[in-house]
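# Structural overview for review
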Amino acid sequence: MGAKESRIGFLSYDEALRRVTDIELKRLKDAFKRTCGLSYYMTQQCFIREVLGDGVPPKVAEVIYCSFGGISKGLHFNNLIVGLVLLTRGREEEKAKYIFSLFSNESGSYVVREEMEKMLHVVDGKVPESLKKCFSEGEKVNYEKFRVWLLHNKDAFTFSRWLLSGGVYVTLTDDSDTPTFYQTLAGVTHFTDIELKRLKDAFKRTCGLSYYMTQQCFIREVLGDGVPPKVAEVIYCSFGGISKGLHFNNLIVGLVLLTRGREEEKAKYIFSLFSNESGSYVVREEMEKMLHVVDGKVPESLKKCFSEGEKVNYEKFRVWLLHNKDAFTFSRWLLSGGVYVTLTDDSDTPTFYQTLAGVTHCKQTKLGDIMCGFQSCSRDRNRCLVKLFGKPRYSDAIHVQ
């Protein structure tokens, strides 16, 4: 899983280029030069910081870097483009081949159960129950058998869930004069170049030279006092906040999801907040506990969601949720009312909070000010655990006594 050669031999550089526009390629090349100088290689440290971000644990980041073809010298630009295209615009079959290659033996012909379980323990901390089905006929499987199992168990482990269920969609449209490599991936934000620049400037004024916003600052500047401490901590953790703070990159991604995310993306986000450790289903009892803590009550319509049992998968949860958008405060806030950010504050040096002035079309309104349905929650029950790829659930952020 940590081999130094590229594991993406099935996708050529020429094929990758066909999926990138000339303008996007030019901007990527320019950003690469500004980030890496005259070298054709991006160091592992730079790759993790500029491309992946701090939400990815070091072990996982190293796996991705090596699988892209990264070596001690660095990651060649061509290999980086192929890797980015695979992750962001790859077909399901290609992503399945990539995941197989991460676990496969030296020749890439089969996966050994013992080796795969070792890797999953390192990366995920556990082995999914469904893996037994993959190896039901023996201790090793070829690609075809692995593929059939994988595509029927996309949520089996974090990497498959990230690549096959959630999806990563990048459009390279940032138009600022000298964007960093990360900013060149700004299409994921859906912010205009002017909005992103204003957010960056406000972030610097608020947080200084640090790339991190503290939890206290996040609550004060982004959410506001309208959000109870417990709920604020949940949102902070779900954005990828850690004890060191919330990285600017993660903050932008979180803001986009909440303010300009598609309905499907918001539904997945809400599901992830309530779901179990593996993110494959929601348990009724746990969801009711969380709703009691956050909303002070459980909606009557929740019975329909669990009409067939005590736990539901994403598809059933999604159908219920989109037919009951007003079921609880968080769904009402995200799916019914909507939060639309237009960064229109024209003062010379607005704070980060003032830069979010377009929320609900009211001057200087924080995200939390429109979350009027939240009930007060005592802080003595708080417990945060940041999970893989910075996406913990309610059950991680709230410990109900």
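Because the structure is a prediction, the values reported are computed rather than measured.

## Remarks on the overall build of the protein chain
- Counting its regular elements, the protein chain contains 22 helices and 8 strands.
- Taking all 401 residues of the protein chain together, the buried fraction comes to 53%.
- Only carbon and sulfur atoms are counted for the fraction: they give 51% of the accessible area of the protein chain, which is about 18,700 Å².

## What to know about the confidence of the model for the protein chain
- Summing up the model confidence of the protein chain, the mean pLDDT is 74 and the portion of residues at 70 or higher is 72%.
- Element-level mean pLDDT values for the protein chain span from 32 in helix α22 (residues 394-397) up to 96 in helix α18 (residues 302-305).
- Counting contacts from residues 338-346, a segment whose pLDDT is below 50, to residues more than four positions away or on other chains yields 36 contacts.
- Predicted confidence is poor over residues 355-401, with pLDDT under 50, and the contacts of this stretch with residues over four places away or in other chains come to 158 contacts.

## Some points on the pattern of salt bridges
- A full pass over the atoms with the stated rule returns 19 salt bridges.
- Residue Arg284 is joined to Glu288 by a salt bridge in which the shortest nitrogen-to-oxygen separation is 3.0 Å. Here Arg284 and its partner Glu288 are both found in helix α17 (residues 284-294), 4 residues apart, which amounts to about one turn of the helix.
- Owing to a relative accessible area of 24%, Glu288 belongs among the partly exposed residues under this scheme.
- Residues joined in a network through salt bridges with shared partners are Glu15, Arg18, Arg19, Arg91 and Glu94.

## Topic: the state of the cysteines
- For the structure on display, the rule yields 0 disulfides.
- Here Cys46 is not disulfide-linked; the sulfur of Cys36 is the nearest cysteine sulfur, at 4.5 Å.

## Quick notes on the environment of Lys304
- Assignment of secondary structure puts Lys304 in helix α18.
- Residues Lys304 and Trp320, spaced 16 residues apart in sequence, show a C-alpha to C-alpha distance of 7.4 Å.

## Remarks on the packing of helix α6 (residues 92-103) against helix α9 (residues 143-152)
- Remark: α6 packs on α9, axes separated minimally by 10 Å, with the N-to-C direction vectors making an angle of 115°. Classified by the interaxial angle, the pair formed by α6 and α9 is roughly perpendicular. Judged by the sense of rotation from one axis to the other, the crossing of α6 with α9 is right-handed. Within the contact between the two elements, α6 uses Glu92, Glu93, Ala96, Lys97, Ile99, Phe100 and Phe103 and α9 uses Tyr143, Phe146, Arg147, Leu150 and Leu151.
- A breakdown of the residues in the contact of α6 with α9 according to their chemical character gives 8 nonpolar, no polar and 4 charged.

## Some remarks on the nonpolar core
- Core analysis: the largest hydrophobic core is formed by 53 residues, its most contacted members being Phe47, Tyr98, Met116, Phe146 and Phe157.
- Considering each element in turn, this core owes the most residues, 8 residues, to helix α5 (residues 77-89).
- Val231, Phe248, Val256 and Ile270 belong to the second-largest nonpolar core, a separate cluster that totals 51 residues.

## Some words on helix α16 (residues 263-274)
- For α16, spanning 12 residues, the distance from its first C-alpha to its last is 17 Å, which sits close to the expected 16 Å at 1.5 Å a residue.
- What α16 keeps buried is the set Lys266, Ala267, Tyr269, Ile270, Phe271, Ser272, Leu273 and Phe274.

## So, the environment of Lys244
- Topologically, Lys244 is positioned in the loop between α14 (229-238) and β6 (246-247).
- Among the residues examined, Lys244 registers a relative accessible area of 54% and is labelled exposed.
- Separated by 30 residues in sequence, Lys244 and Thr214 place their C-alpha atoms 7.0 Å apart.

## Brief notes about the packing of aromatic side chains
- A complete count under the given rule lists 15 aromatic pairs for this structure.
- Between Phe32 and Phe77 the ring centres are 5.0 Å apart and the planes differ by 75°, which places this aromatic pair in the edge-to-face class. Taken together, the residues span a long stretch of sequence, with Phe32 in helix α2 (residues 22-36) and Phe77 in helix α5 at a distance of 45 residues. The same class applies to Phe32 as to Phe77, namely buried.
- Ring geometry for Phe47 against Tyr65: centres 5.7 Å apart, planes inclined by 55°, an arrangement best described as tilted. A residue pair is termed long-range when its members are at least 10 positions apart, and Phe47 in helix α3 (residues 44-52) and Tyr65 in helix α4 (residues 58-67) qualify at 18 residues.

## Let's talk about the side chain of Ser67
- Examined against the element boundaries, Ser67 turns out to sit in helix α4.
- Of the residues examined, Ser67 reaches a relative accessible area of 0% and is grouped as buried.

## Things to note about α9
- Tyr143, Phe146, Trp149, Leu150 and Leu151 are the residues of α9 that are buried.
- N-capping of α9 is provided by Asn142, with a side-chain oxygen placed 3.3 Å from the backbone N of Glu144.

## Here's the deal with the environment of Glu288
- Separated by 14 residues in the primary sequence, Glu288 and Leu302 have C-alpha atoms spaced 8.8 Å apart.
- Sequence-distant contacts of Glu288, defined by excluding residues within four places in its chain, comprise Val298 and Leu302.

Conventions adopted
Residues numbered from 1 in each chain as written. Predicted model: local features only at pLDDT ≥ 70, side-chain atom pairs only at ≥ 80, totals over all residues. Heavy atoms only, no water. Helix = DSSP H or I, 4+ residues; strand = E, 2+ residues; numbered from the N terminus. Buried < 20%, exposed > 50% of the residue type's maximum accessible area, 1.4 Å probe, protein only. Areas by Shrake-Rupley, 256 points an atom, 1.4 Å probe, with all protein chains shown as cover. pLDDT = per-residue confidence, 0-100. Contact = heavy atoms within 4.5 Å. Salt bridge = Lys/Arg side-chain N within 4 Å of Asp/Glu carboxyl O. Disulfide = S-S within 2.5 Å. Axes fitted to C-alpha atoms, helices over the stretch in contact; angles between N-to-C directions. Parallel < 35°, antiparallel > 145°, perpendicular 65-115°, else oblique. Left-handed = near helix turned anticlockwise from the far one by under 90°. Nonpolar A, V, L, I, M, F, W, Y, C, P; charged D, E, K, R; others polar. Core = buried A, V, L, I, M, F, W, Y, C linked by side-chain atoms within 4.5 Å. Expected span 1.5 Å × (residues − 1). Phe/Tyr/Trp six-rings, centres within 6.5 Å; stacked < 30°, edge-to-face > 60°. Polar contact = N/O pair within 3.5 Å; in protein donor to acceptor, adjacent residues only side chain to side chain.

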